[in-house]
Amino acid sequence: RESVMALAGIRVLEMAGLAPAPFAGMLLADFGADVIRIDRASAGKPVPQGADVLSGGKRSISLDLKNPEGVHVLKHMCKNADVIIDCFRPGVMDKLGVGPSQVKDINPRLVFAQLTGFGQGGISDVANAAGHDINYLATSGVLSLLREQGGRPQPPINLLGDFAGGGLMCAFGILLALIERERSGIGQVVDAAMVDGAAYLTSFIWKYIQQNMHDNNKAGGNLLDGGAPFYRTYECADGKFVSVGAIEPKFYAELIIGLDLEDDDLPSQFDRKNWHKLHDKFTKVFLSKNRDYWTDKFRGVDACVFPVLEINEAEEWPHNVARNTFRKLDAGSLNSASNFDPAPAPHLMRTPGLQHSRRCPSAGEHTVEILLESGFSRLAFPILSSKVIIQLCCTGIRCSLC
């Protein structure tokens, strides 16, 4: 099956990290790429299962890149690679001897993706500074959009910076570079900054602001940020919530009917000065019944009312089940709270993504087979291992040399 997957034949070297880079690698692996995670070799210590929970379907090799011979191994692997994902701060890979300019001569077709928070250029004090998702959202302007009226900015977990603006944009950039390579025959550097990616995601809102359709000085009081009474969530009698998105007048009319209200007794839908009155009225009505009551009442009605599902409910929602939106995890996969994972998206009709997640590899688990594929002699393994240039064995799972 892998022979017909969309990214079959693409080899990716992913420098071990957390969240955004592993997510970019996961996206590529789920659609058929051979993704090899480059883990760190630890002198005198077994390499444990990593904290990277997005490595299902990938392979792992452990290298000491502070040792010139370890760098030599990685450079040798670059000869047959299509992509390398660098998740370190700017300049780190260059200092190790495996930066873009240093591997270009080895493999001119290599796509070198550099995924950072603040990017490769700009002001050095910022570009080289430590940061996390919340900081990247803050400096892109995105975080200022995410708050209730009069409240403080509230980060949406780490979805927008790490994953949407970071990992997803990085994977998109990699695919663009691979497509362009078909014309030019050469690779290029992909400078994927989470600040840039998060900002780009808000292009629609920037246009709204420019057209005076969104006032960020009144964050939480606009059409799409919870200010409109017909575009927000409401608590129900059982403490659960429903989502309401009845923007268009025809959908709003169905909402009013479903709530057993009379439109003539209510302020106009787009009368912003009286939105608080509509909000109070809708709040009272939704609180009168349980969430499932409202779910059943609005089923099949174009009022844009749907339940706010908890994670464990989303995997069992009939529509999600029918579309295989979530997939049952293989035995041995790391998981405790749920037996399901989101399935690869989008759905490709001829060459879909993997339907079953393979377990996350232990660091260094595939060191031997990867070295053999790269042309190294098995006779060299004990020497490389004794110098901790490579690490052959892992904890709990026996590698192919054991």
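As shown above, the structure is provided for reference.
Residues numbered from 1 in each chain as written. Predicted model: local features only at pLDDT ≥ 70, side-chain atom pairs only at ≥ 80, totals over all residues. Heavy atoms only, no water.

A.B. asks: Now, about the overall build of the chain: what can you tell me, with residues and values included?
C.D. replies: For the chain, the count of helices and strands is 16 helices and 12 strands. Residues classed as buried in the chain amount to 46% of the 402 residues present. Considering only contacts in the chain between residues 6 or more positions apart, those separated by 24 or more positions represent 67%. (Helix = DSSP H or I, 4+ residues; strand = E, 2+ residues; numbered from the N terminus. Buried < 20%, exposed > 50% of the residue type's maximum accessible area, 1.4 Å probe, protein only. Contact = heavy atoms within 4.5 Å.)

A.B. asks: Outline the sheet that holds strand β7 (residues 231–235), supporting the account with residue identities and numerical values.
C.D. replies: Here 3 strands make up an open sheet; going across it, the order is β7-β8-β9 and the pairing antiparallel. The sheet is open, and its two borders are formed by β7 and β9 (305–307), each paired with just one other strand. Direction aside, neighbouring strands of the sheet carry axes that sit 25° apart on average. As paired elements, strand β8 (residues 241–245) and β9 share 3 bridges and run antiparallel to each other. Bridge pairing in β9 links Val242 to Pro307. Along the sheet, helix α11 (residues 275–286) makes contact with β7 and β8, crossing β7 at roughly 40°. (Pairing = 2+ DSSP bridges. Axes fitted to C-alpha atoms, helices over the stretch in contact; angles between N-to-C directions.)

A.B. asks: Which residues make up a nonpolar patch on the surface, and what are the values?
C.D. replies: A cluster of nonpolar side chains, Phe204, Leu224 and Tyr231, forms an exposed patch at the surface whose accessible area comes to about 260 Å². With respect to the helices, strands and loops of the structure, Leu224 is situated in the loop between α9 (203–210) and β7. We classify Leu224 as partly exposed; its relative accessible area is 30%. (Patch = residues over 30% accessible without salt bridge, like charges linked within 9 Å, V, L, I, M, F, W, Y side chains within 5 Å. Areas by Shrake-Rupley, 256 points an atom, 1.4 Å probe, with all protein chains shown as cover. Salt bridge = Lys/Arg side-chain N within 4 Å of Asp/Glu carboxyl O.)

A.B. asks: Residues and numbers for helix α12 (residues 291–298), please.
C.D. replies: Buried residues of α12: Arg291, Trp294, Thr295 and Phe298, and no others. Down the axis of α12, the buried side of the element spans an arc of 105°, and every buried residue falls inside it. In this structure, the buried side of α12 is in contact with β8, α10 (249–258), α11, β9 and α13 (311–314). Looking one or two residues beyond α12, the residue adopting positive phi is Gly300, at roughly 80°. (Arc of directions from axis to C-beta.)

A.B. asks: Before we move on, could you go through the packing of aromatic side chains and cite the residues and values that matter?
C.D. replies: By the definition in use, this model includes 12 aromatic pairs. When the ring of Phe230 is compared with that of Tyr252, the centres are 5.8 Å apart and the planes differ by 80°; the resulting orientation is edge-to-face. With a gap of 22 residues between them, Phe230 in the loop between α9 and β7 and Tyr252 in helix α10 connect regions that are remote in the sequence. Note on Phe230: relative accessible area 0%, which makes it buried. Residue class for Tyr252 comes out buried when judged on its relative accessible area of 4%. An aromatic cluster is defined as three or more aromatic residues linked by ring pairs; in this entry it consists of Tyr234, Phe282, Phe286, Tyr293, Trp294 and Phe298. If you follow Arg232 out to its NZ or CZ, it ends over the ring of Tyr234, 5.7 Å from the centre. Here the guanidinium or amino end of Lys289 rests over the ring plane of Tyr293, the centre of that ring lying 5.3 Å away. (Phe/Tyr/Trp six-rings, centres within 6.5 Å; stacked < 30°, edge-to-face > 60°. Lys NZ or Arg CZ within 6 Å of the ring centre and 35° of its normal.)

A.B. asks: Let's hear about the side chain of Gln269: which residues, and what values?
C.D. replies: Within the secondary structure, Gln269 is located in the loop between α10 and α11. At a separation of 3.4 Å, a polar atom in the side chain of Gln269 contacts the main-chain carbonyl oxygen of Ala246. Engagement of the side chain of Gln269 in a polar contact is seen with the backbone oxygen of Ile247, the distance being 2.7 Å. Every residue in contact with Gln269, bar those within four places of it in the chain, is listed here: Phe230, Ala246, Ile247, Glu248, Pro249, Tyr252, Trp275 and Leu278. (Polar contact = N/O pair within 3.5 Å; in protein donor to acceptor, adjacent residues only side chain to side chain.)

A.B. asks: Could you give an account of the pattern of salt bridges, with specific residues and numbers?
C.D. replies: Summed over all chains, the structure comprises 14 salt bridges. Its salt-bridge partner being Asp292, residue Arg291 comes within 3.6 Å of it at the nearest N-O pair. Each of the salt bridges in this network shares a partner with another, and the network as a whole consists of Arg11, Asp34, Arg59, Glu369 and Glu373.

A.B. asks: So what's going on with the environment of Asn274? Residues and values would help.
C.D. replies: With respect to the helices and strands, the residue Asn274 is situated in the loop between α10 and α11. Residue classification places Asn274 among the buried positions, given a relative accessible area of 19%. In the structure, Asn274 is positioned 45 residues away from Pro229 in sequence and 9.8 Å away in space, judged by C-alpha atoms.

A.B. asks: Go over the nonpolar core, please, and point to the residues and values.
C.D. replies: Counting residues in each nonpolar core, the largest one holds 31 residues, and the members touching the most others are Val12, Leu28, Ala33, Val83, Ile85, Cys170 and Ile174. Contributing elements (two or more residues each) for this core: α1 (20–30), β4 (83–86), β5 (111–116), α7 (159–184), β6 (189–193) and α8 (194–201). Tallying contributions element by element places α1 first for this core, with 7 residues. The next biggest cluster of nonpolar side chains, apart from the first, holds 24 residues, and it includes Leu259, Leu261, Leu278 and Val285. (Core = buried A, V, L, I, M, F, W, Y, C linked by side-chain atoms within 4.5 Å.)

A.B. asks: Which residues make up unusual backbone geometry, and what values go with them?
C.D. replies: For residues besides glycine, phi is generally negative; the peptide bonds are generally trans as well. With omega at 0°, the peptide bond leading from Ala345 into Pro346 counts as cis. Its place among the elements puts Pro346 in the loop between β11 (340–342) and α15 (367–373). One non-glycine residue, Ala19, lies in positive phi territory at about 65°. In this structure, Ala19 sits in the loop between β1 (11–15) and α1. In this structure, Asp260 is a non-glycine residue whose phi angle is positive, near 60°.

A.B. asks: Go over the pairing of β4, please, and point to the residues and values.
C.D. replies: Consecutive residues of a regular strand have side chains that alternate between opposite faces of the sheet. What you see with β4 is no split at all: Val83 and Ile85 on one side and Ile84 and Asp86 on the other are buried throughout. Inspection of the sheet shows β1 paired to β4 by 3 bridges, in the parallel sense. Among the inter-strand pairings, Leu13 is bridged to a residue of β4, identified as Ile84. Two elements, β4 and β5, share 4 bridges in a ladder whose sense is parallel.

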